[in-house]
Amino acid sequence: MSDPAQYAALRERGPVFRTVIEGLESPVWFVSGYEACKEILHDARFIRDESKLPGREGPSLAEQMLGAVGMPQEYFKYFGLLSTSDGEEHTRLRNVVARAFTARRVAALRPHLEQSAADLYATLAAKGGGDLIMEVGYPFTTAAICDLMGVEEADRPQILGWIMDLVSYNPEQLVPAVKNIVGYYRDLIARRRAEPTDDLVSELVKPGGIHRDLLAEDVIISIFLLLTSTGIAPPAHFLGQAVLTLLTHPGQLAELRARPELLAKRAVPEILRYTTSVPTGGPLYAAGDFEFRGCPVRHGDAVVPSLLGVNHDPARFDGPDRLDLSRDPGPGIGHLAFGSGAHYCTGAALAQVQTEIVIDTFLLRNRTLELAVEPDRLPFFDVPGKGTALGGLPVRL
Ligand code: HEM
């Protein structure tokens with residue numbers, strides 16, 4: 001479900017309720033209440049790794065989904081590294097990924113991001129316009145992730161092509177893309193072992209590097225596949241959604257132009273909350289029989305956190321369906337668009353800085369950008385299990 005208005009009726013059934021989601025066979029606990037969701041995401045009785053449930057047999061939900069798109073079994077090991085692990089196993093691997101996104105590394109990246117946004121703006125302006133997602137979002141997010149990991153400039157168009165194949169969700173393109181990405185990273189690891197540089201690949205393969213134990217090559221490949229698949233396409237589409245949100249709320253855009261100091265601390269969190277471009281968090285499973293907020297939860301029950309629903313919960317946000325760029329987000333970042341707890345998005349700091357820079361470059365410093373088509377002609381596409389996403393954003397400037 002991608003439209004927050006649909007949540008009003010659902011919310012009458014309570015912050016947590018049992019339902020069958022379209023496309024799935026078994027019922028799940030659906031969470032659309034902000035406080036309940038936050039509690040669940042911090043409660044160790046709800047786990048991510050379904051295969052660890054005692055008595056559990058057969059393929060996990062994640063394995064069923066990979067099988068359904070024709071992914072060969074020997075590639076399953078490269079998926080779900082963080083999102084479907086718990087406890088110490090999750091913490092150990094997450095710490096490795098988190099090293100790529102320390103405040104220091106993200107701050108060091110800022111001048112590159114600003115330059116990259118300015119260059120992309122100049123190229124688009126010289127043509128009089130183009131597609132903001134394909135011609136700005138993708139090259140911008142690809143450059144950031146490739147800079148962090150150490151993928152050379154010459155190889156980036158190839159990586160971008162494979163990412164496009166991944167987001168086609170077409171098995172005929174998706175499976176070869178995964179094989180190519182895995183092969184590429186295996187080769188990159190071999191090159192950095194032979195000749196280390198100061199990039200993340202080199203740090204991960206060198207003995208005594210940023211992790212305690214030497215990581216197996218397959219684990220390093222899984223980390224890079226995870227960063228490549230989460231750090232490029234979803235933020236690229238979100239950046240388009242963020243610009244669209246401002247263009248379709250001209251009063252709010254005018255206020256932001258008059259008060260640019262709102263951008264980083266108020267406007268960016270509010271746009272993230274309002275759009276919640278990843279509408280549901282990863283599924284959780286009850287590791288026992290217990291009562292949660294009056295609900296009789298049973299061992300193995302699946303729980304789906306509706307991040308879009310909770311970010312539009314009127315019990316937490318005043319007038320939740322209204323975009324208010326001066327809204328005080330409250331403690332922390334306020335919204336749950338990046339999840340919360342142990343699985344909080346590791347790329348959140350990077351995504352926020354990227355959003356700030358794109359809005360600043362394309363809408364505040366330069367003010368001629370406008371939609372090149374009517375909003376109701378914009379292309380949306382289905383993201384399996386996650387609702388719909390904006391496929392392109394034609395603009396003139
Ligand atoms: C606006 C852009 C982004 C949004 C809205 C977003 C949102 C999310 C959400 C909702 C989750 C799952 C939380 C859960 O299941 O409880 C997540 C996890 C994750 N995100 Fe992001 N994300 C964004 C950008 C990025 C970027 C740029 C990266 C960097 C590579 C990234 C890397 C990850 C990773 C690795 C996880 C898994 C964390 C774990 O399970 O421990 N994300 N993100």
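Residues numbered from 1 in each chain as written. Predicted model: local features only at pLDDT ≥ 70, side-chain atom pairs only at ≥ 80, totals over all residues. Heavy atoms only, no water.

Draft legend 1. Quick look at the nonpolar core. Of all hydrophobic cores here, the largest spans 96 residues; its most connected members are Tyr185 and Leu393. Counting residues in hydrophobic clusters, the runner-up holds 20 residues, among them Tyr34, Ala286, Phe292 and Val303. (Core = buried A, V, L, I, M, F, W, Y, C linked by side-chain atoms within 4.5 Å. Buried < 20%, exposed > 50% of the residue type's maximum accessible area, 1.4 Å probe, protein only.)

Draft legend 2. Highlighting the coordination of the iron atom of the ligand. Of all protein atoms, Cys345 (SG) alone acts as a donor to the iron atom of the ligand, lying 2.3 Å away. Within the secondary structure, cysteine 345 is located in the loop between helix H14 (307-310) and helix H15 (348-365). (Donors = N, O, S within 2.8 Å, 3.2 Å for Na, K, Ca; no water. Helix = DSSP H or I, 4+ residues; strand = E, 2+ residues; numbered from the N terminus.)

Draft legend 3. Broad picture of the pattern of salt bridges. A full pass over the atoms with the stated rule returns 28 salt bridges. The residue arginine 191 makes a salt bridge to glutamate 152 at a minimum N-O spacing of 3.1 Å. Taken together, the residues span a long stretch of sequence, with arginine 191 in helix H8 (residues 171-194) and glutamate 152 in the loop between helix H6 (132-149) and helix H7 (156-166) at a distance of 39 residues. Relative accessible area serves as the criterion here: at 30%, arginine 191 is assigned to the partly exposed category. Classification of glutamate 152 by relative accessible area gives partly exposed; the value is 31%. Here arginine 192 and aspartate 199 are joined by a salt bridge, their closest N and O atoms 2.7 Å apart. This pair shows no difference in class: arginine 192 is buried, exactly as aspartate 199 is. (Salt bridge = Lys/Arg side-chain N within 4 Å of Asp/Glu carboxyl O.)

Draft legend 4. Structural detail: the site of the ligand. Not every one of the 27 residues close to the ligand is listed here, only the nearest: Arg48, His90, Arg94, His343 and Cys345. Taking histidine 90, its side chain carries an N or O atom lying 2.8 Å from an oxygen atom of the ligand. Of all the elements, helix H10 (residues 217-231) adds the most residues to the shell around the ligand, at 4 residues. A per-class count over the shell around the ligand returns 15 nonpolar, 10 polar and 2 charged. (Near = heavy atom within 4 Å. Polar contact = N/O pair within 3.5 Å; in protein donor to acceptor, adjacent residues only side chain to side chain. Nonpolar A, V, L, I, M, F, W, Y, C, P; charged D, E, K, R; others polar.)

Draft legend 5. Molecular detail of the packing of H6 against H7. Orientation of H6 relative to H7, taken along the N-to-C sense of each, is 115 degrees, at an axis distance of 10 Å. In the packing of H6 onto H7, the handedness of the crossing is right-handed. Along the contact surface, H6 presents Met134, Tyr138, Thr142, Ala143, Cys146 and Asp147, while H7 presents Arg156, Leu160, Ile163 and Met164. Here the residues of the contact of H6 with H7 are counted per class, giving 7 nonpolar, 1 polar and 2 charged. (Axes fitted to C-alpha atoms, helices over the stretch in contact; angles between N-to-C directions. Left-handed = near helix turned anticlockwise from the far one by under 90°. Contact = heavy atoms within 4.5 Å.)

Draft legend 6. Up close: the sheet that holds strand S2 (residues 28-31). Here we have 5 strands laid out as an open sheet, ordered S1-S2-S8-S5-S3, and mixed in their pairing. With one partner strand each, in any of the chains shown, strand S1 (16-19) and strand S3 (46-47) form the two edges of the open sheet. For S2 and strand S8 (residues 302-305), the ladder comprises 3 bridges, and the chain directions are parallel. By the bridge assignment for S8, valine 31 is matched with proline 305. (Pairing = 2+ DSSP bridges.)

Draft legend 7. A look at empty space enclosed by the protein. On inspection of all chains with the given rule, the structure shows 2 cavities of 30 Å³ or more. Each pocket or cavity is described by its volume, and for the largest cavity that value is around 50 Å³. Around the largest cavity, the lining residues are Arg266, Pro269, Glu270, Arg273, Phe317, Arg327, Pro329, Ile333 and His335. A per-class count over the lining of the largest cavity returns 4 nonpolar, 1 polar and 4 charged. One number sums up the size of the second largest cavity: a volume of about 30 Å³. Residue lining of the second largest cavity: Val16, Trp29, Ile40, Phe46, Phe292, Val297 and Val303, and that is the complete set. (1 Å grid on protein atoms, 1.4 Å probe; cavity = no way out; pocket = protein on both sides within 12 Å on 5 of 7 lines; lining within 4 Å. Points joined across faces, edges and corners; volume = space filled by probe spheres on them.)

Draft legend 8. Molecular detail of H6. Counted at 1.5 Å a residue, the expected span for H6 with its 18 residues is 26 Å, and the 25 Å between its end C-alpha atoms agrees. Put simply, aspartate 131 is the residue that caps the front of H6, since its side-chain oxygen is 2.9 Å from the backbone nitrogen of isoleucine 133. (Expected span 1.5 Å × (residues − 1).)

Draft legend 9. How the structure looks around the sheet that holds strand S4 (residues 129-131). Ordered by their spatial adjacency, 3 strands build an open sheet running S4-S12-S9, and the pairing between neighbours is antiparallel. Where the open sheet ends on each side, the last strands, each with one partner, are S4 and strand S9 (370-371). In this sheet, strand S12 (residues 394-396) lies alongside S4 in antiparallel orientation, the contact comprising 3 bridges. Across the sheet, glycine 129 pairs through a bridge with arginine 396, a residue of S12. Against the sheet, H6 touches S4 and S12, its axis set at about 75 degrees to S4.

Draft legend 10. Representation of the packing of aromatic side chains in the model. Throughout the structure, instances matching the rule amount to 10 aromatic pairs. Seen in terms of ring centroids, tyrosine 75 and tyrosine 78 are 5.8 Å apart; in terms of plane orientation they differ by 55 degrees. Their pairing is tilted. Like tyrosine 78, tyrosine 75 is buried. Taking 6.1 Å as the distance between ring centres and 75 degrees as the angle between the ring planes, the aromatic pair formed by phenylalanine 338 and tyrosine 344 counts as edge-to-face. Exposure remark for tyrosine 344: the relative accessible area of 25% places this residue in the partly exposed category. The rings of Trp162, Tyr184, Tyr185 and Phe224 are connected pair by pair, giving a single aromatic cluster. Lying over the aromatic face of phenylalanine 290, arginine 45 brings its terminal NZ or CZ to 4.1 Å of the ring centre. A cation over a ring is seen here: arginine 316 above tyrosine 34, with NZ or CZ 4.9 Å from the ring centre. (Phe/Tyr/Trp six-rings, centres within 6.5 Å; stacked < 30°, edge-to-face > 60°. Lys NZ or Arg CZ within 6 Å of the ring centre and 35° of its normal.)

Draft legend 11. Representation of the packing of helix H11 (residues 233-247) against helix H13 (residues 263-275) within the structure. Two elements in contact, H11 and H13, have axes separated by 10 Å at closest approach and are oriented at 100 degrees. Comparing their axes, H13 and H11 come out roughly perpendicular. The segment H11 lies against H13, with Phe238, Gln241, Ala242, Thr245 and Leu246 engaging Ile271, Leu272, Tyr274 and Thr275. When its residues are assigned to classes, the contact of H11 with H13 shows 6 nonpolar, 3 polar and no charged. (Parallel < 35°, antiparallel > 145°, perpendicular 65-115°, else oblique.)

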